[in-house]
Amino acid sequence: MTEYSKLVAQDGSINKSLASFFRTMLEKNVVDAVLVPAHQNPKGVMQTLITAPEALDAVDPFAPVAPTNSARLVTRLTNVPSGRPVAVVMRSCEIRALLELVKLKQANVDDLLLIGIDCLGRYENADYLKYEQGGATTEDFLKAACGDKGTKSADGFDVAVACRICEYPAADNADVRLCVIGASPGEVFVEWATEKGLNARKAMGLEAEAGPAGRDAAVQQIKKTRTAQRDKVFSDMYEHVGSMEKLRDHLAGCINCYNCRAACPVCYCKECVFVTDTFRHPGDQYLSWGDKRGFMKMPTETVLFHLTRMTHMSALCVGCGQCSSACPNDIHVTELFRSVANRTQARFDYHPGRSLDEPQPLAVFYAEELTEVTGQVK
Ligand code: SF4
Ligand code: SF4
Ligand code: SF4
């Protein structure tokens, strides 16, 4: 059974009330540290590991920006367990990626209090800096995005495509949820969702009260809108890359910088085959490839890189959009990977991040699966 507590904006600022909330967590020894988005000097918001209560003044968990998928940061905190409890404040796509990394033995959640935030989307990093420099605040964003004004900024840019098609505005599998969807402006409801969460509430001495009325309907409405947009993106993408030639054209601008791979939280190989000697060819190899058609675009093997990456991780793609955000050549990597992942995940009835108990499709083999491919008959 879940319980709720309500935080009310202090001096008009929800960040002040959230700073007090996290301060209580540290002071009551619920955790030793909080990993939470916080303002940086001179600009921007980054995940920050905070152990000193006075450093919490800079927190801004709902800021519409996520410069990296923080699941990767949590692997650094937990791959060798510290034995010290830490609260980590994450978006849905980050928690889902984290759970996949746990299955891949890259991370551990035993010492973590997982705090999921309602997510109305994130701006691309450069756009967020413009948003911040223009004086707009997280409260402005939440008021517009939770109301009927939407997520478009006054300057005309919108949240990342990945967010416009994300079916997970609320974070599943969190111990504690910070809820703004369905709440009035200036309010944040804390949902204590697991035993770990309920114990934290008691240790912090917070009252349990009724949750936000209308939250479920508001969450469902956001999911419905985003799912419709997602389906349109998928069908456009299936049309756009429906043959090898079309896929090659989609990836024509790829310069093999591997930023998309580095930004992807679930691209897990310690050593990527594309940076090994397998793909370091002697010069005459390139010339003989060129001889075959009379020309050859360089760098080579861009399509092969993406196909290989898809094979490795399309069952695990959580749709966070960091691959497109990291691409210097505006290649729509997210739309491509999500549309392929959609089919892979449907084929295995696998939803990354749904449960720690579900084995990843590539990690298990059932003798009678995919018989139309293996040709095996009972
Ligand atoms: S992909 Fe979903 S959870 Fe992730 S930042 Fe965008 S809206 Fe939030
Ligand atoms: S492929 Fe892109 S959208 Fe999918 S998990 Fe990786 S970075 Fe996120
Ligand atoms: S980030 Fe863009 S250019 Fe770099 S490897 Fe990925 S798709 Fe290619």
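Residues numbered from 1 in each chain as written. Chains lettered and ligands numbered in written order. Predicted model: local features only at pLDDT ≥ 70, side-chain atom pairs only at ≥ 80, totals over all residues. Heavy atoms only, no water.

## As for unusual backbone geometry
Following Asn 41, the chain continues to Pro 42 via a peptide bond in cis, the omega torsion being 5 degrees. The amide bond that connects Met 298 to the next residue, Pro 299, takes the cis arrangement and shows omega of 0 degrees. Tracing the backbone shows Pro 299 in the loop between helix H11 (283-293) and helix H12 (302-313). For Asp 11, which is not glycine, the phi dihedral falls at a positive 50 degrees. A relative accessible area of 69% means that Asp 11 is categorised as exposed. At Asp 330, a residue that is not glycine, the phi angle is positive and equals roughly 55 degrees. The topology assignment puts Asp 330 in the loop between helix H13 (322-326) and helix H14 (333-347). Residue Asp 330 is classed as exposed on the basis of its relative accessible area of 61%. (Helix = DSSP H or I, 4+ residues; strand = E, 2+ residues; numbered from the N terminus. Buried < 20%, exposed > 50% of the residue type's maximum accessible area, 1.4 Å probe, protein only.)

## Observations regarding the site of ligand 2
Taken together, 13 residues form the shell around ligand 2, and within it Cys 264, Cys 317, Cys 320, Gly 321 and Cys 323 come nearest. The set of elements that each furnish at least two residues to the shell around ligand 2 consists of H12 and H13. Grouping the constituent residues of the shell around ligand 2 by class yields nine nonpolar, three polar and one charged. (Near = heavy atom within 4 Å. Nonpolar A, V, L, I, M, F, W, Y, C, P; charged D, E, K, R; others polar.)

## A few points about the site of ligand 1
Ligand 1 sits among Arg 91, Ser 92, Cys 93, Cys 119, Gly 121, Cys 163, Cys 166, Arg 226 and Gly 319. Most atoms of ligand 1, that is more than half of them, are within 2 Å of grid points of the largest cavity. (1 Å grid on protein atoms, 1.4 Å probe; cavity = no way out; pocket = protein on both sides within 12 Å on 5 of 7 lines; lining within 4 Å. Sits in = over half its atoms within 2 Å of the grid points.)

## Quick notes on the pattern of salt bridges
One pass over the full model with this rule turns up 20 salt bridges. Between Arg 84 and Asp 32 there is a salt bridge, with the nearest N and O atoms lying 2.9 Å from each other. With Arg 84 in the loop between helix H2 (71-78) and strand S4 (86-90) and Asp 32 in the loop between helix H1 (14-27) and strand S2 (33-39), this pair connects stretches of sequence that are 52 residues apart. The class for Arg 84 is partly exposed, based on a relative accessible area of 48%. Here Arg 280 and Asp 277 are joined by a salt bridge, their closest N and O atoms 2.5 Å apart. (Salt bridge = Lys/Arg side-chain N within 4 Å of Asp/Glu carboxyl O.)

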